[in-house]
Amino acid sequence: MIVRTRSSELFVLGTLVVALGTAWAGALEDSEGNVVAFAFNSAVERGQGRILAVAVDPEVWGNGYGRLILSAATYQLAASDAIKATIKVRPDITRSLRL
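Please read these numbers as outputs of a predicted model, since none were measured by experiment.

Some remarks on the overall build of the protein
A tally of helices and strands in the protein yields two helices and seven strands. Scored against the burial criterion, the 99 residues of the protein give a buried share of 29%. Surface summary for the protein: the accessible area is close to 6700 Å², and the carbon and sulfur share equals 55%.

A closer look at the pattern of salt bridges
Where charged atoms from two side chains of opposite charge come close, those side chains can pair. Applying the stated rule across the entire model yields one salt bridge. Note that Asp92 is salt-bridged to Arg90, the shortest N-O span being 2.7 Å. As far as the burial class goes, Asp92 and Arg90 line up, both exposed.

Digging into the packing of aromatic side chains
In this structure the tally under the stated criterion is one aromatic pair. Aromatic side chains Phe38 and Phe40 sit 5.2 Å apart centroid to centroid with 55° between the ring planes, which places their arrangement in the tilted category.

Some words on unusual backbone geometry
A positive phi angle, near 50°, is found at Arg46, a position not held by glycine. Here Arg46 is to be found in the loop between β5 (35-41) and β6 (48-56). What makes Arg46 exposed here is its relative accessible area of 81%. Its identity is not glycine, yet Asp81 carries a phi of approximately 70°, on the positive side. Within the secondary structure, Asp81 is located in the loop between α1 (65-79) and β7 (84-87).

Let's talk about the nonpolar core
Trp24, Leu28, Tyr65 and Ile69 are the most contacted members of the largest nonpolar core, which has 14 residues in total. Secondary structure elements with two or more residues in this core: β4 (21-29), β5 and α1.

A short note on a nonpolar patch on the surface
Taken together, Val35, Phe38, Phe40 and Leu52 make up a surface patch of nonpolar side chains, about 340 Å² in accessible area. No other element matches β5, which puts three residues into the nonpolar patch.

Parameters and conventions
Residues numbered from 1 in each chain as written. Predicted model: local features only at pLDDT ≥ 70, side-chain atom pairs only at ≥ 80, totals over all residues. Heavy atoms only, no water. Helix = DSSP H or I, 4+ residues; strand = E, 2+ residues; numbered from the N terminus. Buried < 20%, exposed > 50% of the residue type's maximum accessible area, 1.4 Å probe, protein only. Areas by Shrake-Rupley, 256 points an atom, 1.4 Å probe, with all protein chains shown as cover. Salt bridge = Lys/Arg side-chain N within 4 Å of Asp/Glu carboxyl O. Phe/Tyr/Trp six-rings, centres within 6.5 Å; stacked < 30°, edge-to-face > 60°. Core = buried A, V, L, I, M, F, W, Y, C linked by side-chain atoms within 4.5 Å. Patch = residues over 30% accessible without salt bridge, like charges linked within 9 Å, V, L, I, M, F, W, Y side chains within 5 Å.

Quick look at the structure:
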């Protein structure tokens with residue numbers, strides 16, 4: 001999937017298959033192939049999934065990449081039949097609380 005933004009093209013990368021089910025790993029790359037954001041999801045079990053990690057390179061903060069990769073992660077959970085998703089956020093990382 002190619003995502004066009006105001007500053008560059010970003011690419012969302014694929015699905016990671018693990019032994020206990022299908023988990024998901026996604027990354028956003030800039031036009032030079034540098035990863036600027038990533039997210040990891042657990043496999044969906046009994047209708048519930050978890051977003052395990054979301055990170056954005058501090059050099060590109062403020063461009064909407066956090067919202068974009070979080071949207072991709074929640075979309076993947078919904079596409080895997082999750083009816084509930086959870087994410088834990090450290091309270092000391094205030095930028096993440098705004099997402």
